[in-house]
Amino acid sequence: MNKDEMVVNRGLSVFAPAAHYYYQFSISRGEGCTVYSQEGLRFLDFTSGLGVLNIGHNHPKVVEAARNQLEAYIHTGGIYYSEATVAAAEQLVSVTPAGLDMLFFSNSGAEAVEGALKLARYTSGRQAIISCTGAFHGRTMGALSVTTSSSAYRRRYHPLLPSIYQVSYPACFTCPYGLTPESCGTRCLDEISRIFERQVPPEEVCAILIEPFLGEGGYYPAPAPYLQGLRSICDQYGILLIFDEVQSGIGRTGKWFCCEHAGVVPDIMTVAKAVASGFPLSAVVSSRKVMQKWELGAHGTTFGGNPVSCAAARATLEVIRDEGLLARATVAGGRALSFLQDLAARNPCIGDVRGKGCMIGIEFVDAAGVADGRRCAAVIDQCLSKGLILIGCGLRRNAIRFIPPLNVTDEELEEALAIFAASVAETS
Ligand SMILES: Cc1ncc(COP(=O)(O)O)c(C=O)c1O
């Protein structure tokens, strides 16, 4: 069976055109790093199901935990406590940075971002929010108001939330000041002082929100000094620092949360995607001091903290801990990073390879050094035809996210890297 002949059309008549499917094939089974199409074709899923399957498809411990919970009870609606939900909450706050020890469960990344923004406004009594150009925080109206990775996501939805101010994301490869991280002295942090001087005084700002590793916007890790600088600014003015770890959390970068690389603890953190290995679950996590000001009735949910999702979350976190997957992510990601950086040295079409752990971005440029989305798309297509699933990111879709499950085997990793190198060569 040729990959071009796969079953592609079912669903096209019932899904809104806005529904997003990267590739038109139907999955019949998933296991670890591998998915099989309905026609029986095998693919390596190096998207981890959009950054969700950090321990792979259908990890047996997750399946078992969810099945056991399904047989006991499925839903509580917050009417009464569920031991599964309490246990997942305790497990999650045991791995969040010190001091972030209370949480509110919801269902999706966008919902967690909504919750974080509401928490910041409610508890500070201030309104203004500073976020980064290029960020992706979700599709609901609040989250969309701080999402600027593409105007396509915002078209026809204005007016969005007022009092949102934007600063450049510290995306060093495309530094707007033409500086390098070694010598720039985090010049881009000055944009925040300029906002305070010209647009909104700091005492009216409730939060600064950032992805410590820019995801959808192009896969750029924020340099540690930048995140440390944000922490000082927030401390100076009593502003809440929010880290959106929806994509970069739960071991993806080789630490439980990406902010640990910089040694910076935010006041509020959002968690979603990988936390329950594909079951819908997200959380707003903060300190007891902040959370206790969020009074009864100020926020709520029917499905958030669903017991089956929570049983899966507890199992997921235990698997990462017990199978040593933070260390594994560092080793596997390190191997991939050095292979890909070597490849870049021999192929000028790859302008930059960057990452931490198993969160790696590969950016394509043309001969003039300009973003090359066409080459990037061609490489992704070529990889797909050879059985490796990847997805792009960035405004010009010229970067590839290389994000295998953290428990990818050496054989799977080598197979994927070989396919990638061949695809780069074949698309020249
Ligand atoms: C950093 C970040 N925040 C928020 C979201 C929104 O998550 P969801 O799609 O679950 O609403 C995403 C989704 O990709 C994300 O990457």
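1. Some remarks on the overall build of the protein
Line of reasoning, step 1. Check the secondary structure of the protein and you find 12 helices and 17 strands.
Line of reasoning, step 2. Compactness check: the protein gives a C-alpha radius of gyration of 21 Å against a globular reference of 22 Å for 428 residues, within 12% of the reference.
Line of reasoning, step 3. Out of the 428 residues belonging to the protein, those deemed buried represent 47%.

2. Looking at the pairing of strand β11 (residues 268–271)
Line of reasoning, step 1. Here β11 shows a buried face lined by Ile 268 and Thr 270 and a second buried face lined by Met 269 and Val 271.
Line of reasoning, step 2. Relative to β11, strand β10 (residues 240–244) runs parallel, the two sharing 3 bridges. What sits directly across from Asp 244, in β11, is Thr 270.
Line of reasoning, step 3. Two elements, β11 and strand β12 (residues 282–286), share 4 bridges in a ladder whose sense is antiparallel. Each bridged residue has a counterpart across the sheet, and for Met 269 the counterpart in β12 is Val 285.

3. As for the domain arrangement of the protein
A common way to report how large an interface is uses the accessible area buried once the components associate.
Line of reasoning, step 1. Partitioning the protein into domains gives domain 1 (3–55 + 324–426) and domain 2 (60–322).
Line of reasoning, step 2. One C-alpha centre belongs to domain 1, the other to domain 2, and the line joining them spans 25 Å.
Line of reasoning, step 3. With 27 residues of domain 1 at the contact, the number on the domain 2 side is 29 residues.
Line of reasoning, step 4. Those elements that provide at least two residues to the side of domain 1 that touches domain 2 are α1 (48–51), α10 (325–346), β13 (350–356), β14 (359–364) and β17 (399–402).

4. Looking at unusual backbone geometry
Line of reasoning, step 1. Residue Pro 159 is bonded to the preceding His 158 through a cis peptide linkage, with omega at 5 degrees.
Line of reasoning, step 2. Among the structural elements, Pro 159 can be located in the loop between α5 (141–145) and β6 (164–168).
Line of reasoning, step 3. Of note, Arg 156 is a non-glycine position whose phi angle comes to about 70 degrees, a positive value.
Line of reasoning, step 4. Taking the number of C-beta atoms within 10 Å as the measure of exposure, Arg 156 has 4 and is therefore exposed.

5. Some thoughts on the site of the ligand
Line of reasoning, step 1. Within the structure, the ligand sits among 14 residues, and Gly 109, Ala 110, Gly 138, Val 246 and Gln 247 are positioned closest to it.
Line of reasoning, step 2. With 3 residues, helix α4 (residues 109–124) is the single largest residue contributor to the shell around the ligand.
Line of reasoning, step 3. When its residues are assigned to classes, the shell around the ligand shows 5 nonpolar, 6 polar and 3 charged.

6. Re the pairing of strand β5 (residues 128–133)
Line of reasoning, step 1. Counted residue by residue, β5 has 5 buried out of 6 residues, so it is predominantly covered.
Line of reasoning, step 2. Two strands pair when backbone bridges link them, and β5 and β6 are joined in this way by 5 bridges, in the parallel orientation. In the strand pairing of β6, Cys 132 is matched with Val 167.

7. Things to note about the environment of Trp 256
Line of reasoning, step 1. With respect to the element layout, Trp 256 can be found in the loop between β10 and β11.
Line of reasoning, step 2. Separated by 12 residues in the primary sequence, Trp 256 and Ile 268 place their C-alpha atoms 15 Å from one another.
Line of reasoning, step 3. With near-sequence residues (within four places) excluded, Trp 256 lies in contact with Val 95, Ile 250, Gly 251 and Leu 326.

8. Focus: the sheet that holds strand β1 (residues 27–31)
Line of reasoning, step 1. The strand order across the open sheet built from 4 strands is β1-β2-β3-β15, with neighbouring strands paired in mixed fashion. Taken across any chain shown, the strands that pair with only one partner, and hence form the sheet edges, are β1 and β15 (388–389).
Line of reasoning, step 2. Pairing geometry for strand β2 (residues 34–37) and strand β3 (residues 42–45), over 3 bridges, is antiparallel. Bridged to Thr 34 within β3 is Leu 44.

9. Points about the sheet that holds β11
Line of reasoning, step 1. Strand order across the open sheet formed by 7 strands is β4-β12-β11-β10-β7-β5-β6, with mixed pairing between neighbours. The sheet terminates laterally at β4 (102–106) and β6, the two strands that pair on one side only. For this sheet, the mean inter-axis angle between neighbouring strands, taken without regard to orientation, is 20 degrees.
Line of reasoning, step 2. Packed on one face of the sheet, helix α3 (residues 83–93) meets β4, β11 and β12 and runs near 125 degrees to β4.

Cut-offs used in this document
Residues numbered from 1 in each chain as written. Predicted model: local features only at pLDDT ≥ 70, side-chain atom pairs only at ≥ 80, totals over all residues. Helix = DSSP H or I, 4+ residues; strand = E, 2+ residues; numbered from the N terminus. Rg over C-alpha atoms; globule rule 2.2 N^0.38 Å. Buried ≥ 20, exposed ≤ 12 C-beta atoms within 10 Å, placed from the backbone. Pairing = 2+ DSSP bridges. Domains from an automatic or database assignment. Contact = placed C-beta atoms within 7 Å. Near = placed C-beta within 6 Å. Nonpolar A, V, L, I, M, F, W, Y, C, P; charged D, E, K, R; others polar. Axes fitted to C-alpha atoms, helices over the stretch in contact; angles between N-to-C directions.

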